[in-house]
Amino acid sequence: MASLSRAKRVVIKIGSALLVDRNTGALREAWLKALAEDVARLKGRGQDVIIVSSGSIALGRGALGLANGALALEQLQAAAAVGQIRLARAYEDALAPHQITTAQVLVTLEDSRDRRRYLNSRATLEQLLSLGAVPIVNENDTIATDEIRYGDNDRLAAQVAVTVGADLVVLLSDVDGLYTANPVEDAAATRIDTVTEISPRIEAMAGDAGTGLSKGGMKTKIMAAKTAMAGGAALVITQGAPDHALKHLEDETAATWFLPQETPHHARKRWIAAMKPQGTLILDAGAADALRQGKSLLPAGVVTVQGSFGRGDPVALQTPDGATIANGLTRYSSEEATLLKGCKSSQIEDILGYPGRAALVHRDDMVM
């Protein structure tokens, strides 16, 4: 059974309605302070935390004096530009007393569709987490249009979780889980505690109702659960309005848990194994032995580069006699790999003219 306390890496999604007072447009500072205390407790236990937060548009429209109601695209983008500064500052101010460094990461849907940008996002988030920071992720509403946006932060949170191999996605919501029907309209509706498969019946239970400040309803949460579970991450929907919502979740407050059938590690390995190689790297015997011991592939171990491939494409890794021992995602294009083959990692910058990653194929991106 998944739980917040046992998760190694957690993505927490916070909606506008929780962070911003819908009547005044002001930040709910006491609520955010309590959340920061919860996050500090998780960090103190050695857990990685990423926050996917709405709120920039809600904060920005108040600062710009934009009335409630529908806004034109240009107004939404202007509100996001103003509000994003306030949102980032709010998290920095809330977490700084706990000696937690925050980082702002703005993304669009294209960042997950484009392989190069996806890998850059993943590398940046991994580096921030390794340095102990808490990334604050939001959709880049200042430049996103309907054609290139996630549209809601439920699905963005799930995608971020898959990108970084998180164990758990926490959707802090205005409801305490998935019900058999809309509990506002049907007194007989009951909450479902655990879901292990997103069936048509589960999808049919989801409604579209949302608050005045949020974009997502239960349907987007079910879509997020699908994405998370496919990537090996659990997802939980729970009531986020009370102070210390994460502490309440640890105390087994009402919630719906969506449980995957495999771990993030196994899901990623299965995904890589299913991809068709776009090229081949012939290794020397020493490099082949290093891979069998669970190490990454360095440029020095590559003898021959075959095929045409780009950064992030799948490649086959073969021994000198032509036997494939692994598939992996390359961190360099075929042109770059050809220049780097047989060279030491310390020579990468001199050869390419810019700093590169030490491994040509990292062990996390490889399946034997």
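In what follows, the structure referred to is the one given above.
Residues numbered from 1 in each chain as written. Predicted model: local features only at pLDDT ≥ 70, side-chain atom pairs only at ≥ 80, totals over all residues. Heavy atoms only, no water.

Peer 1: If you had to explain the overall build of the protein chain to someone new, which residues and values would you point to?
Peer 2: The number of helices and strands found in the protein chain is 14 helices and 15 strands. Computed over C-alpha atoms, the radius of gyration of the protein chain comes to 22 Å, within 12% of the 21 Å expected from 2.2 N^0.38 for 368 residues, which places it in the range of a compact globule. Each of the three principal axes of the protein chain carries a C-alpha extent, and together these read 70 × 45 × 40 Å. Across the 368 residues in the protein chain, those meeting the buried criterion constitute 50%. Look at the contacts in the protein chain between residues 6 or more apart in sequence, and 72% of them connect residues 24 or more apart. Surface accessibility of the protein chain: about 16,800 Å² in total, with carbon and sulfur atoms responsible for 50%. (Helix = DSSP H or I, 4+ residues; strand = E, 2+ residues; numbered from the N terminus. Rg over C-alpha atoms; globule rule 2.2 N^0.38 Å. Buried < 20%, exposed > 50% of the residue type's maximum accessible area, 1.4 Å probe, protein only. Contact = heavy atoms within 4.5 Å. Areas by Shrake-Rupley, 256 points an atom, 1.4 Å probe, with all protein chains shown as cover.)

Peer 1: Can you lay out the pairing of strand E9 (residues 234–239) for me, pointing to particular residues and giving the numbers?
Peer 2: Taking burial as the measure, the six residues of E9 include five buried ones, the bulk of the element. Bridge analysis of strand E5 (residues 168–173) against E9 gives six bridges, and the strand direction is parallel. Considered in E9, the bridge of Leu168 is made with Ala234. Bridge count between E9 and strand E10 (residues 255–258): four bridges; the pairing is antiparallel. Residue Thr238 lies in a different strand from E10, and its bridge partner there is Ala255. (Pairing = 2+ DSSP bridges.)

Peer 1: Please provide a residue-by-residue account of the layout of surface pockets, values included.
Peer 2: One water molecule sets the probe size; rolling that probe over the atoms shows where empty space is left. Its volume calculated, the second largest pocket comes out at about 620 Å³. Surrounding the second largest pocket, 23 residues form its lining, Arg9, Arg122, Glu126, Val164 and Asp364 being those nearest its centre. Elements supplying a minimum of two residues to the lining of the second largest pocket: helix H6 (115–130), helix H7 (153–164) and helix H11 (264–273). Partitioning the lining of the second largest pocket into residue classes produces four nonpolar, seven polar and 12 charged. (1 Å grid on protein atoms, 1.4 Å probe; cavity = no way out; pocket = protein on both sides within 12 Å on 5 of 7 lines; lining within 4 Å. Points joined across faces, edges and corners; volume = space filled by probe spheres on them. Nonpolar A, V, L, I, M, F, W, Y, C, P; charged D, E, K, R; others polar.)

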